[in-house]
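Here's the letter readout for the chains.
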Amino acid sequence: QQLQQTATPPLIMIPYNFLCWLIDVLFVNRPIQRFWFLETVARMPYFSYITMLTLYESLGWWRSSMDSRRVHFAEEWNEVQ
């Protein structure tokens, strides 16, 4: 089954296309550096999530059940491996 293409507003597509072009220009013939850059950008939301959980735990704002702590530990352990 083929999915239908969704129209994207120009407000989203113009910056997206510009950033794709910029990455292509900056990292021409440099695949390792390009991969490292993209990998770093992709991990930023996860690092933010872990940072906020650590802050909440440190300040005592995150008082949750043992199940939630197990999930948090599993997420951290997954990142270490």
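Details of the structure are given in the entry above.
Conventions and cut-offs
- Residues numbered from 1 in each chain as written.
- Predicted model: local features only at pLDDT ≥ 70, side-chain atom pairs only at ≥ 80, totals over all residues.
- Heavy atoms only, no water.
- Helix = DSSP H or I, 4+ residues; strand = E, 2+ residues; numbered from the N terminus.
- Expected span 1.5 Å × (residues − 1).
- Bend = angle between axes of the 7 residues up to and from the residue.
- Patch = residues over 30% accessible without salt bridge, like charges linked within 9 Å, V, L, I, M, F, W, Y side chains within 5 Å.
- Areas by Shrake-Rupley, 256 points an atom, 1.4 Å probe, with all protein chains shown as cover.
- Salt bridge = Lys/Arg side-chain N within 4 Å of Asp/Glu carboxyl O.
- Phe/Tyr/Trp six-rings, centres within 6.5 Å; stacked < 30°, edge-to-face > 60°.
- Buried < 20%, exposed > 50% of the residue type's maximum accessible area, 1.4 Å probe, protein only.

**Structural notes on helix α2 (residues 31–59)**
In a regular helix each residue adds 1.5 Å, so 29 residues correspond to 42 Å; α2 covers 42 Å between its end C-alpha atoms and thus fits that length. The sharpest bend along α2 comes to roughly 40°, located at M44, with the proline P45 sitting one to four residues further on. Following α2 by one or two positions, G60 has its phi on the positive side, about 80°.

**Details of a nonpolar patch on the surface**
A cluster of nonpolar side chains, W36, F37, L38, V41 and M44, forms an exposed patch at the surface whose accessible area comes to about 490 Å². Relative to the helices and strands, W36 resides in helix α2.

**With respect to the packing of aromatic side chains**
Enumeration over the complete set of coordinates arrives at 4 aromatic pairs. Arranged with centres 6.5 Å apart and planes meeting at 50°, the rings of Y46 and F47 form a pair that is tilted. We classify F47 as partly exposed; its relative accessible area is 40%. When the ring of Y46 is compared with that of Y49, the centres are 6.4 Å apart and the planes differ by 40°; the resulting orientation is tilted. Linking Y46 with Y49, this pair stays in helix α2, spanning 3 residues, or about one helical turn. The exposure class of Y46 is partly exposed, given its relative accessible area of 25%. Among the aromatic residues, those joined into a cluster by ring pairs are Y46, F47 and Y49.

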